[in-house]
Each structure stands twice: as C-alpha cells, then as structure tokens.
Amino acid sequence: MPELPEVETVKAGIAPAMEGQIIAQADINRPDLRWPFPENMSARLTGKRVLGLRRRSKYILADLDSGETLLIHLGMSGRMLVSGVKVGEFHHPHPVPAKHDHVVLHMDNGARITFNDARRFGAMDLLDTATQEDHWLIRDIGPEPLGNAFDETYLVERLKRKNSPIKSALLDQGIVAGLGNIYVCEVLFRTGIHPTRKASQISAKRIASLVPVIREVLSEAIAAGGSSLRDYRQSDGELGYFQHVFQVYDQEGKPCVTDGCKKTIQRIVQSGRSSFFCPQCQR
Ligand SMILES: [Zn+2]
C-alpha cells in the first residue's frame with residue numbers, strides 16, 4: 001500500500017506531464033472506484049488547465065482553473081502510468097489500453113495519465129478549491145509530518161493522554177497525516193521505543209525525539225523515490241514503487257542492525273497489522 005513517500009513520488013512523476021497543461025479529454029471508464037465518481041466528472045475536467053499539483057496526506061490534489069480541485073487517492077492497489085512524455089530520462093509510449101484502466105487523462109501536450117486499479121480501493125473526487133479543507137476525506141486529518149505545524153510541542157500535547165499503544169497513536173491520521181505501517185515501524189526502531197508501549201506512559205523527551213526521526217525517515221524515503229524517478233525504466237511506466245532498505249520492516253528473523261546487538265527482529269500483530277521491532281533495542 002502506498003505511503004506518503006510513494007504518493008509524493010507519484011505526484012512528482014505526474015507533475016511535469018500535467019502542470020500548466022489543459023486536460024484535452026478525460027475518459028471515465030466506469031461509474032465508481034471505492035466511491036462513485038462525482039457527477040459529470042468528464043465534462044468538469046475537459047478543457048480545464050491544471051494549475052498545480054499538491055499532496056495532502058496520501059491524497060494528490062490537482063488544482064484546476066475552474067475553481068475545482070481533482071483529488072486522487074491511490075488506495076491499496078492504484079497505479080499511475082505516465083506515457084507520451086519523458087519522465088526522468090525515459091520516454092514511455094502510450095500503453096495498450098488495459099483492463100482496470102478506469103480513468104485516462106489526455107493532456108494537450110500529448111501526455112496521457114492512466115489510473116489503473118485492479119481492486120478499486122482508490123478514489124477520485126472533485127472538490128471546491130476554496131473550501132477543500134472541509135472535504136470529508138480531508139477535514140479530520142492532522143498536520144503534515146513535514147510541515148511546520150507538526151513539532152515537538154504539538155506531538156507531546158496530543159499524545160500525553162493517549163492510552164493506546166504508540167504504534168496505533170502514530171498511525172492515527174488525526175494526530176499526524178500520512179504515516180503508515182512501514183514508516184512507523186522504522187521510526188520506532190530508530191527512536192528505541194517499543195511498539196506496544198502506551199503513548200501516555202512514554203516521557204515527553206522521548207515523544208519529542210520522534211519528531212525529527214519521523215521527518216528524517218520520510219525525507220530519506222522521498223529522496224529514494226526521487227532517485228527512482230530519475231532512473232525510471234519500468235517497462236509500463238508505473239510510478240511510485242521503488243526499492244527501500246528497511247531496518248526492521250519485513251525483517252522478521254534477521255539480525256538487528258544495531259552495533260553490538262545480538263537479537264533478531266521480531267514480528268507481532270497489533271490491531272491486525274504487523275509490527276516489526278528489536279526486543280533489545282526498543283523499550
Ligand atoms: Zn537490537
């Protein structure tokens with residue numbers, strides 16, 4: 001499932017093909033993904049210029065010159081393909097239309113943006129740009145982890161009465177936007193905090209130490225995603241999936257990477273999701 005860095009990478013990949021360009025044609029090939037598409041979606045996109053792309057949490061937002069914003073959510077299995085223009089050093093010809101190509105945007109520069117989603121957990125919506133923060137998918141989302149509103153004071157205040165495990169608290173999108181299972185596991189390892197510790201029972205100093213580590217882990221992953229774009233050669237032009245080197249995520253049974261630690265990484269299940277951690281280094 002794409003997390004914030006993957007979404008940021010997809011955004012960076014489609015931006016050169018979309019920003020400043022007019023959507024010449026919008027093919028909407030079915031009535032819905034996870035939810036129904038907005039009414040008259042094709043007509044509301046056609047002929048509109050894309051002013052710019054942004055990301056909020058795991059949503060890509062494309063502001064149009066009509067005063068509306070196209071919200072794109074990749075969901076579990078959504079894939080964005082760019083063809084007809086160069087991405088990094090590579091030019092992908094238009095693919096043969098495939099099953100599950102649910103939305104295809106034909107840009108006036110010849111680029112084609114294809115949204116393919118076999119499982120249809122993705123979503124697209126059109127929202128009023130001026131009031132977008134009130135949209136039901138956005139209004140309850142906490143601050144961006146890489147933004148100024150997310151700082152040590154904020155996180156200590158939000159977590160000091162949270163009795164849930166720190167792992168669950170950091171996955172709570174109302175506390176911080178866009179953090180998912182993979183990066184929370186990495187953050188807790190780097191800060192030495194055990195995933196089952198109750199948030200309210202962790203000292204303010206240790207909670208504060210999470211903030212720079214969250215920024216660091218996400219920034220490293222975004223940089224890795226950026227490199228993957230520069231060296232973008234997947235045959236079908238798919239964006240946003242790149243090689244990570246994780247220290248604990250999916251490393252069950254492997255030796256801990258901490259110098260002098262002889263333990264192996266363990267896996268437990270919390271709220272139905274795997275947590276990976278070192279029983280020695282994380283307390
Ligand atoms: Zn260890």
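Rules of the game
- Residues numbered from 1 in each chain as written.
- Predicted model: local features only at pLDDT ≥ 70, side-chain atom pairs only at ≥ 80, totals over all residues.
- Heavy atoms only, no water.
- Helix = DSSP H or I, 4+ residues; strand = E, 2+ residues; numbered from the N terminus.
- Buried < 20%, exposed > 50% of the residue type's maximum accessible area, 1.4 Å probe, protein only.
- Contact = heavy atoms within 4.5 Å.
- Areas by Shrake-Rupley, 256 points an atom, 1.4 Å probe, with all protein chains shown as cover.
- Lys, Arg positive; Asp, Glu negative; His and termini not counted.
- Charge placed at Lys NZ, Arg CZ, Asp CG, Glu CD.
- Donors = N, O, S within 2.8 Å, 3.2 Å for Na, K, Ca; no water.
- Tetrahedral: all angles 85-135°; square planar, octahedral: opposite > 155°, others 65-115°.
- Polar contact = N/O pair within 3.5 Å; in protein donor to acceptor, adjacent residues only side chain to side chain.
- Core = buried A, V, L, I, M, F, W, Y, C linked by side-chain atoms within 4.5 Å.
- Salt bridge = Lys/Arg side-chain N within 4 Å of Asp/Glu carboxyl O.
- pLDDT = per-residue confidence, 0-100.
- Arc of directions from axis to C-beta.
- Phe/Tyr/Trp six-rings, centres within 6.5 Å; stacked < 30°, edge-to-face > 60°.

Trainee: Now, about the overall build of the protein chain: what can you tell me, with residues and values included?
Mentor: Along its length, the protein chain carries 6 helices and 12 strands. Dimensions of the protein chain, computed from the C-alpha atoms along their principal axes, are close to 55 × 40 × 30 Å. Here the protein chain, with 283 residues, has 50% of them falling under the buried criterion. Long-range contacts, defined as pairs at least 24 residues apart, comprise 67% of the intrachain contacts of the protein chain with a sequence gap of at least 6. In the structure as shown, the protein chain presents an accessible area of about 12900 Å², 50% of it carried by carbon and sulfur atoms. Once the 36 positive and 33 negative side-chain charges of the protein chain are each reduced to a mean point, those two points are 8 Å apart.

Trainee: Please set out the coordination of the zinc ion residue by residue, giving values where relevant.
Mentor: Protein coordination at the zinc ion: the donors are Cys256 (SG), Cys261 (SG), Cys278 (SG) and Cys281 (SG), at 2.2 to 2.4 Å from the metal. Taken together, the 4 donor atoms coordinating the zinc ion and their angles of 104 to 112 degrees define a geometry best described as tetrahedral. Linear spacing of the donor residues for the zinc ion on their chain is C-x4-C-x16-C-x2-C. Take Cys281: its relative accessible area is 22%, and that puts it in the partly exposed class.

Trainee: Describe the side chain of Thr191, and please don't skip the residues or the numbers.
Mentor: Mapped onto the elements, Thr191 comes out in helix α5 (residues 181-191). Of the polar contacts made by the side chain of Thr191, one reaches the backbone oxygen of Val187; its length is 2.8 Å. A distance of 3.3 Å separates a polar atom in the side chain of Thr191 from the backbone oxygen of Leu188. The residues touching Thr191, leaving out its near neighbours within four places in the chain, are Arg206, Ser209, Leu210 and Val213.

Trainee: How would you summarise the nonpolar core if you had to cite specific residues and measurements?
Mentor: Grouped together as the largest cluster of nonpolar side chains are 33 residues, with contacts concentrated most on Ile14, Leu45, Leu70, Met80, Leu105 and Ile113. Take this core: its biggest share by element is 6 residues, from helix α1 (residues 4-18). In this structure Leu70 touches Met41, Leu45, Ile60, Leu61, Ala62, Leu105, Met124, Asp125 and Leu126, once residues within four positions along its chain are discounted. Residues Leu171, Ile182, Ile207 and Val213 belong to the second largest nonpolar core, which totals 29 residues.

Trainee: Talk me through unusual backbone geometry; I want residue IDs and the actual numbers.
Mentor: Most peptide bonds adopt trans geometry, and most residues besides glycine take a negative phi value. Of note in the backbone geometry, Ser57 takes a positive phi value of approximately 55 degrees without being a glycine. One non-glycine residue with positive phi stands out, namely Arg120, at about 55 degrees. Here Arg120 is to be found in the loop between β9 (112-116) and β10 (123-128).

Trainee: Can you lay out α5 for me, pointing to particular residues and giving the numbers?
Mentor: The buried count for α5 comes to 10 of 11 residues, which makes it a mostly enclosed element. Taken together, the buried positions of α5 are occupied by Asn181, Ile182, Tyr183, Val184, Cys185, Glu186, Val187, Leu188, Phe189 and Thr191. Note on α5: the residue one or two positions beyond its end, Gly192, has a positive phi of about 70 degrees.

Trainee: Describe in detail the pattern of salt bridges, supporting the description with residues and values.
Mentor: Applying the stated criterion across every chain yields a total of 14 salt bridges. Where Lys160 meets Glu157, a salt bridge forms, and the shortest distance between an N and an O atom there is 3.1 Å. Residue classification places Glu157 among the partly exposed residues on the basis of a relative accessible area of 41%. Three or more residues are tied together by salt bridges with common partners; here these are Glu8, Lys11, Arg55, Arg56, Glu133 and Glu144.

Trainee: Describe the confidence of the model for the protein chain, and please don't skip the residues or the numbers.
Mentor: Mean pLDDT over the protein chain works out to 92, with 94% of the residues at or above the 70 mark. Per-element confidence in the protein chain is highest for helix α3 (residues 152-159), whose mean pLDDT is 98, and lowest for strand β7 (residues 90-91), whose mean pLDDT is 68.

Trainee: Tell me about α3, and name the residues and values.
Mentor: Those residues of α3 lying buried are Tyr154, Leu155 and Leu159. Here the buried residues of α3 occupy an arc of 110 degrees about the axis, which is enough to place them on one side. The N-cap of α3, judged by a side-chain oxygen 3.4 Å from the amide nitrogen of Thr153 a few residues on, is Asp151.

Trainee: Before we move on, could you go through the packing of aromatic side chains and cite the residues and values that matter?
Mentor: In total, this model carries 5 aromatic pairs according to the counting rule given. Consider the rings of Trp35 and Trp136, whose centres lie 4.9 Å apart with planes at 80 degrees: the pair is edge-to-face. A residue pair is termed long-range when its members are at least 10 positions apart, and Trp35 in the loop between β1 (23-28) and α2 (41-45) and Trp136 in the loop between β10 and α3 qualify at 101 residues. The partly exposed category is assigned to Trp35, whose relative accessible area is 30%. Here the aromatic rings of Tyr249 and Phe276 are separated by 5.3 Å at their centres, their planes lie at 70 degrees, and the arrangement is edge-to-face. With Tyr249 in the loop between α6 (204-230) and β11 (266-270) and Phe276 in strand β12 (residues 273-277), this pair connects stretches of sequence that are 27 residues apart. Taken together, the ring pairs in this structure connect Tyr183, Phe246, Tyr249 and Phe276 into an aromatic cluster.

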